[in-house]
Amino acid sequence: RLGSGRLDEETSARVVAVAKAVRHASRVVDTPPAFMDPDALVGEAASVAAELAGNHGLDVAFDALRYDALKAIGFGGLVAVGDAAARDGREPALVHVKYRPSDA
């Protein structure tokens, strides 16, 4: 109820979920690149997608495109920027996490 200073259970759960997601995103973007390289980022995204699907029953699909796939489909800018890192064994990645709401 608005103005009561209290949140109902559903709203409270949503607030907590959003706060956790913001905290997780902050941790990911604040992690130095030496630790959050493309492989680590792909792992983080895969973990989040698996948690959303497994623990929360959401329809979530995950895919990660790596250097060869990015090059084949014409993502030249991403490939060019990632070329230097790819020489060090850290090939670029494009992560796609797709959520399909049940009521859509």
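Relevant structure appears above.
Bear in mind that the values here come from a model prediction, so they are computed numbers and not experimental data.

Colleague: Before we move on, can you summarise the pattern of salt bridges with the specific residues and values?
Modeller: Pairing between side chains of opposite charge can happen when the charged atoms of each approach one another. Here the structure, examined in full by the defined rule, presents four salt bridges. The partner of glutamate 44 in a salt bridge is arginine 27, and the shortest N-O contact between them spans 3.0 Å. Here the residue glutamate 44 occupies a position in helix α2 (residues 38–54), and arginine 27 occupies one in helix α1 (residues 9–30), the gap between them amounting to 17 residues. On the basis of relative accessible area, arginine 27 is assigned to the partly exposed category, the value being 42%. Two residues, arginine 100 and aspartate 59, come together in a salt bridge whose shortest N-O distance is 2.9 Å. Of this pair, arginine 100 sits in the segment after β2 (93–99) while aspartate 59 is found in the loop between α2 and β1 (60–66), placing the two residues 41 residues apart along the sequence. Residue aspartate 59 is classed as partly exposed on the basis of its relative accessible area, which comes to 38%. Via salt bridges that share partners, Asp39, Arg66 and Glu91 belong to a single interconnected network.

About the thresholds
- Residues numbered from 1 in each chain as written.
- Predicted model: local features only at pLDDT ≥ 70, side-chain atom pairs only at ≥ 80, totals over all residues.
- Heavy atoms only, no water.
- Salt bridge = Lys/Arg side-chain N within 4 Å of Asp/Glu carboxyl O.
- Helix = DSSP H or I, 4+ residues; strand = E, 2+ residues; numbered from the N terminus.
- Buried < 20%, exposed > 50% of the residue type's maximum accessible area, 1.4 Å probe, protein only.

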